[in-house]
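Residues per chain are reported as follows:
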Amino acid sequence: MKRKTLMINLAVPLMAVLFSLAVGALFILITGKNPFFVYSILFSGIFGNLYGIGQLFFYATPLIFTGLAVAFAFKAGLFNIGCEGQLYMGSLLCAWTGCVFSGLPGLLLIPVCLAAAAAGGAAWGFIPGMLKAKTGAHEVITTIMLNFIALAFTNYIVTSHFFVPGTVRTPQIAAAARLPAIAGILPGFKGSSLNFSFFIALAAALAVWYILYLSRFGYELRAMGYNPAAGEYAGVDSSKMMIVTLAVSGGISGLVGSNYVMGYKYYFEQGFSGGVGFMGIAVALLGKNHPFGIIAASLLFGGLSFGSLLVNSVVPKEILDILQAVVILSVVVGNTVFSRILLRNSATGDDKPDTQRADAIIGEQVSREGLRRK
């Protein structure tokens, strides 16, 4: 069963991508263009030189952060729809720190700015976690509402207190707070916006993988996500887990500021995110909520985002927006279909799943692995 599930987890995203390319080709034909010509421009522009590869990684970087944030919360059975607000709060605090503490040396200021970015996002994730744990308020509603509050709050701070006159952005952070650009180290990437934030994103993915699959906390988190009753029986404090999970998820979102504020423009600007907080949901979905799958999904969506600029002179860039939407819909449909097939094959007796038996098995596994508090 595990082997079959793994094959499906790999096959569904792959088929979704291939299907979206076919649908995209149909729309390209409608515009009167040759799909092979358009796709050749797309792939050669991305993979034909180091500049394209650098831009691919640059566009994928914020998606890795937000995809990890969504997946981390989802593993605990929580839906974090507030990554957009969390990354705004983290990025603004990152920019403020980089300006106010400009006298610090780079070896100290860079980690302080990164910590500020994570802290800003974590604080904004802590709020829905606390509301969920103490009042039962659904995190989907609270995180969505907090997005609007974050956007309004950051807009107020930037336009009224912390801005460059005549703009909607903050002053530039100190030079010591800036992450190195890859083009400054490897000349082949000249012109690319890729910076060391990409490697921070990869490190975050590795850390999330370790926490989720190799740590006690991660097992407790996943146990609560699979079966809250079994987790409670094993001694997991669900209220504390909700708060910590959403705070950590928000902290990961806040690290998006490392890419734009510390590695690209060197300031916070209203509207800078381009909706990557919401796109992280699609990335997590396509990546099956696994850190390594999220990296692959981020590269795909990052490539489509950058590719829209490459093909815009030939076909409308909205064609690639359609590709992204088709990928998401295909994954949703594919997951539903194959999940039903697996459920039907694993059913007992009258071909209906024995959910009570499944809950009991999970409870036994949780207890067997020693999660009961000492």
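Scroll up a little and you will see the structure.
The rules behind these values
Residue numbers restart at each chain and count upward from 1, following the sequence in its written direction. Only residues with pLDDT of 70 or above have their local features reported here, since the model is predicted, and side-chain atom pairs are shown and tallied only from 80 upward, although totals for entire chains, interfaces and linings are computed over all residues. Excluding hydrogens and water, the side-chain figures rest on all heavy atoms present in the structure. Starting at the N terminus, helices and strands are each numbered in turn, a helix being any DSSP run of H or I of at least four residues and a strand any DSSP run of E of at least two. Only heavy atoms enter the contact rule, under which two residues are in contact if any of them lie within 4.5 Å. A pocket here means an open set of points on a 1 Å grid, computed over the protein atoms alone, that has protein on both sides within 12 Å along at least five of seven lines. A cavity is instead a set of points where a 1.4 Å probe fits but cannot get out; residues with an atom within 4 Å of a point line either one. Grid points are joined across faces, edges and corners, and a volume is the space filled by probe spheres set on the points. Under the scheme applied, nonpolar residues are Ala, Val, Leu, Ile, Met, Phe, Trp, Tyr, Cys and Pro; charged residues are Asp, Glu, Lys and Arg; polar residues are all the others, including Gly. Counting rule for disulfides: a pair of cysteine sulfur atoms within 2.5 Å. What we call a nonpolar core is a set of buried Ala, Val, Leu, Ile, Met, Phe, Trp, Tyr and Cys residues that are connected through their side-chain atoms within 4.5 Å. Buried means the residue's accessible area, taken with a 1.4 Å probe over protein chains only, is under 20% of the maximum for its type, while exposed means over 50%, and partly exposed covers the values in between.

Enquirer: Can you break down the environment of Asn259 residue by residue, with the values?
Expert: Inspection of the secondary structure puts Asn259 in helix 11 (residues 257-260). Linking Asn259 and Ser91, residues 168 residues apart in sequence, is a C-alpha distance of 9.3 Å. Setting aside its immediate chain neighbours within four residues, Asn259 contacts Phe58, Thr61, Pro62, Asn195, Ser197 and Tyr264.

Enquirer: Please set out the layout of surface pockets residue by residue, giving values where relevant.
Expert: Within this model, the second largest pocket holds a volume of roughly 470 Å³. Lining the second largest pocket are 19 residues, with Tyr59, Phe272, Ser273, Gly274 and Val276 positioned closest to its centre. At the level of secondary structure, the elements contributing two or more residues to the lining of the second largest pocket comprise helix 3 (50-75), helix 11, helix 12 (276-286), helix 13 (291-311) and helix 14 (318-346). At 4 residues, the largest contribution of residues to the lining of the second largest pocket is made by helix 3.

Enquirer: Tell me what's going on with empty space enclosed by the protein, and back it up with residues and numbers.
Expert: In total, this model carries 1 cavity of 30 Å³ or more according to the counting rule given. Around the largest cavity, the lining residues are Ile28, Val38, Tyr39, Leu42, Val311, Val315, Ile319 and Leu320. When residues of the lining of the largest cavity are traced back to their parent elements, those giving at least two are helix 2 (35-47) and helix 14. With 3 residues, helix 2 is the single largest residue contributor to the lining of the largest cavity. Considering only residue class, the lining of the largest cavity consists of 8 nonpolar, no polar and no charged.

Enquirer: Talk me through the state of the cysteines; I want residue IDs and the actual numbers.
Expert: Scanning the model with the defined rule gives 0 disulfides in all. For the unlinked cysteine Cys99, the closest cysteine sulfur is that of Cys113, found at 8.6 Å. No disulfide involves Cys113; its sulfur sits 4.9 Å from the nearest other cysteine sulfur, which is in Cys94.

Enquirer: Run through the nonpolar core, naming residues and quoting values.
Expert: One finds Leu68, Ile173 and Phe268 to be the most contacted residues of the largest nonpolar core, which totals 67 residues. Once residues within four sequence positions are removed from consideration, Ile173 is found in contact with Ala95, Gly98, Cys99, Arg178, Val261, Met262 and Tyr266. Counting residues in each nonpolar core, the second largest holds 14 residues, with Phe306, Val311, Ile319 and Leu323 among its members.

Enquirer: Go over the side chain of Ser20 with me, naming the residues and quoting the values.
Expert: Along the chain, Ser20 falls in helix 1 (residues 2-30). If sequence neighbours within four positions are ignored, Ser20 has contacts with Tyr39, Leu323, Val326 and Val327.

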